[in-house]
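Each chain, letter by letter, is given below.
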Amino acid sequence: MRILIIYDTVYGSTAQIAGWIAERLEGFAEVTVTVAKVSEAPNLADYDAVIIGSPIYRSDQILESIKGFVAKNKEALAEKKVGIFVVALDTGGAYYFGRFIGGPEYLKEFAALFAQPPIYGKVLGGELVPPKLSDEDRESLLNFYRRVKGMEVDEVPYRCSMDKLEVWEYAARFYRYANR
Ligand SMILES: Cc1cc2nc3c(=O)[nH]c(=O)nc-3n(C[C@H](O)[C@H](O)[C@H](O)COP(=O)(O)O)c2cc1C
């Protein structure tokens, strides 16, 4: 099975997770894996299965580049076994004033972009490294922590919920479902 992993990233954690998925998939016999940033995506015709991942960024959204890739390749993707993942800090989500936001909701919105539903999807834990942030992102996150979370903070707190075991389990399950 030829598997293509397409991702985009702002600060690098989704690239690292894509690499972990590839590492696990390469452990299966007769699997070849190609990992590509969405801006360098190869022709889908050469692959049997495609895994697509995006971080959740500004306003609870997956990246526009990933939305564009799915729209542009809608027909080709309908013929493949497709897996999706989103990388986020809010992996569980919560209910706010009549609306569920976060976690599984991110995945539902992503899955709805496809003509044929993906065979497997998961929300995977991400990372926030304050020294890496652009000024604009730092301001917007500080605003979020102060206004929404009610925290009195001078700096965005470091957060990491990246979990290689969780990522490897995701990869192994995708492989199993893709072989059904
Ligand atoms: C400006 C900004 C906004 C973010 N907004 C959300 C969000 O709405 N929900 C969430 O769960 N995580 C949010 N995150 C966390 C990212 O999803 C997380 O840091 C992820 O690992 C980033 O992926 P990357 O390193 O591949 O860019 C945000 C991060 C930044 C920097």
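Look a little higher up for the structure.
What counts, and at which threshold
Residues numbered from 1 in each chain as written. Predicted model: local features only at pLDDT ≥ 70, side-chain atom pairs only at ≥ 80, totals over all residues. Heavy atoms only, no water. Helix = DSSP H or I, 4+ residues; strand = E, 2+ residues; numbered from the N terminus. Buried < 20%, exposed > 50% of the residue type's maximum accessible area, 1.4 Å probe, protein only. Near = heavy atom within 4 Å. Polar contact = N/O pair within 3.5 Å; in protein donor to acceptor, adjacent residues only side chain to side chain. Areas by Shrake-Rupley, 256 points an atom, 1.4 Å probe, with all protein chains shown as cover. Nonpolar A, V, L, I, M, F, W, Y, C, P; charged D, E, K, R; others polar. Domains from an automatic or database assignment. Pairing = 2+ DSSP bridges. Axes fitted to C-alpha atoms, helices over the stretch in contact; angles between N-to-C directions. Contact = heavy atoms within 4.5 Å. Salt bridge = Lys/Arg side-chain N within 4 Å of Asp/Glu carboxyl O.

> Lay out the environment of glycine 68 in plain terms, naming residues and giving numbers.
For glycine 68, the location among the structural elements is in helix H2 (residues 64–72). What makes glycine 68 partly exposed here is its relative accessible area of 36%. Through-space distance from the C-alpha of glycine 68 to that of valine 38 is 9.5 Å; in sequence the pair is 30 residues apart.

> Talk me through the site of the ligand; I want residue IDs and the actual numbers.
Close to the ligand lie 22 residues; Thr9, Ser13, Thr14, Ile56 and Glu127 are nearest. Here tyrosine 11 contributes a backbone N or O atom positioned 2.7 Å from an oxygen atom of the ligand. Between the ligand and aspartate 90 there is a distance of 2.8 Å, counted from an oxygen atom to a backbone nitrogen or oxygen. Protein contacts shield 93% of the accessible area of the ligand, which totals 630 Å² for the unbound molecule. Within the residue set of the shell around the ligand, elements represented by two or more residues are helix H1 (13–25), strand S4 (81–88), strand S8 (127–128) and helix H5 (135–148). For the shell around the ligand, the residue count by class is 12 nonpolar, five polar and five charged. Both domains that furnish three or more residues to the shell around the ligand are identified here as domain 1 (2–126 + 161–178) and domain 2 (130–158).

> Which residues make up the sheet that holds strand S1 (residues 2–7), and what values do they have?
If you walk across this open sheet you meet the five strands as S2-S1-S3-S4-S7, and the pairing is parallel. For this open sheet the edge positions go to strand S2 (32–37) and strand S7 (120–125), each flanked by a neighbour on one side alone. The mean inter-strand angle of the sheet, taken between neighbouring strand axes irrespective of direction, is 20 degrees. Where S1 and S2 come together, six bridges link them in parallel fashion. Note on S2: the bridge partner recorded for isoleucine 6 is alanine 36. Contacts from H2 reach S1 and strand S3 (49–55) within the one sheet, and its direction differs from that of S3 by about 155 degrees.

> Residues and numbers for the pattern of salt bridges, please.
The full count for this structure, using the stated rule, is nine salt bridges. Arginine 58 is paired through a salt bridge with glutamate 136; the nearest N and O atoms lie 3.7 Å apart. In this pair, arginine 58 sits in the loop between S3 and H2 while glutamate 136 sits in helix H5, placing the two residues 78 residues apart along the sequence. A network of salt bridges, in which partner residues are shared, links Arg58, Glu136 and Asp137.

Limitation: the analysis is restricted to geometry and does not speak to function.
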